[in-house]
Amino acid sequence: MTQPTQRERLTQALRKGWHTWADLQEYRISTCPHVRLICEGGLGRSMVEGEMLERRERADGLVEMRVVRR
């Protein structure tokens, strides 16, 4: 059995709830989670059909995101 990639592990974390980029870095999965998920187009490859990335801005201005099933 193969180990999940960094992209897959970050996507699994986003399925659990709201995270900022700093929250994702604290998991120590990747030093550049935005590269794994956004810049390389990886998030779309890790999500299953019916899932989407949901984003919101907190009162303090930080952006949070999560993966939700629609």
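Each remark here, short or long, concerns the structure printed above.
My aim in this report is to walk through the structure given alongside it, one point at a time. Just so we're clear, the structure is a prediction, and the values are computed from it rather than from any experiment.

Now for the overall build of the chain. The helix and strand inventory of the chain stands at four helices and two strands. For the chain, the sequential pattern of α-helices and β-strands runs α-α-α-α-β-β. What you see for the chain is a C-alpha radius of gyration of 12 Å, in line with the 11 Å of a compact globule of 70 residues. Counting only C-alpha atoms, the chain reaches 45 × 30 × 20 Å along its principal axes. Sorting the 70 residues of the chain into buried and exposed places 31% on the buried side. For the chain, the accessible area works out to roughly 4,900 Å², and carbon and sulfur atoms hold 48% of it. Distance from the positive charge centre (13 side chains) to the negative charge centre (10 side chains) of the chain: 4 Å.

Ranked by size, the top nonpolar core spans nine residues in total: Leu10, Ala13, Leu14, Leu24, Ile29, Leu37, Leu43, Met65 and Val67. Sorting the residues of this core by element identifies helix H1 (6-16) and strand S2 (63-69) as the ones contributing at least two each. Counting residues per element, this core draws most heavily on H1, which supplies three residues. Discounting chain neighbours no more than four positions away, the residues touching leucine 43 are Arg7, Thr11, Leu14, Arg36, Leu37, Leu53 and Val67.

In the Ramachandran plot, arginine 28 falls in the positive-phi region, its phi being about 60 degrees despite a non-glycine side chain. Structurally, arginine 28 can be placed in the loop between helix H2 (21-26) and helix H3 (33-39). For arginine 28, a relative accessible area of 72% corresponds to the exposed category.

The subject of this paragraph is H1. Every buried residue belonging to H1 is among Arg7, Leu10, Thr11, Ala13 and Leu14, and all of these are buried. Looking down the long axis of H1, one finds its buried residues gathered within 155 degrees of arc, a one-sided arrangement. At the C-terminal side of H1, glycine 17 shows a positive phi close to 160 degrees.

On to the pairing of S2. Direction of pairing for strand S1 (residues 51-57) relative to S2: antiparallel, over a ladder of seven bridges. Bridged to glutamate 54 within S2 is arginine 66.

Within the fold, serine 30 resides in the loop between H2 and H3. Accessibility expressed as a relative area gives 8% for serine 30, which makes it buried. A distance of 3.1 Å separates the side chain of serine 30 from the backbone nitrogen of cysteine 32, its partner in a polar contact. Not counting chain neighbours up to four residues away, the residues in contact with serine 30 comprise Gln6, Leu10, Gln25 and Arg36.

The rules behind these values
Residues numbered from 1 in each chain as written. Predicted model: local features only at pLDDT ≥ 70, side-chain atom pairs only at ≥ 80, totals over all residues. Heavy atoms only, no water. Helix = DSSP H or I, 4+ residues; strand = E, 2+ residues; numbered from the N terminus. Rg over C-alpha atoms; globule rule 2.2 N^0.38 Å. Buried < 20%, exposed > 50% of the residue type's maximum accessible area, 1.4 Å probe, protein only. Areas by Shrake-Rupley, 256 points an atom, 1.4 Å probe, with all protein chains shown as cover. Lys, Arg positive; Asp, Glu negative; His and termini not counted. Charge placed at Lys NZ, Arg CZ, Asp CG, Glu CD. Core = buried A, V, L, I, M, F, W, Y, C linked by side-chain atoms within 4.5 Å. Contact = heavy atoms within 4.5 Å. Arc of directions from axis to C-beta. Pairing = 2+ DSSP bridges. Polar contact = N/O pair within 3.5 Å; in protein donor to acceptor, adjacent residues only side chain to side chain.

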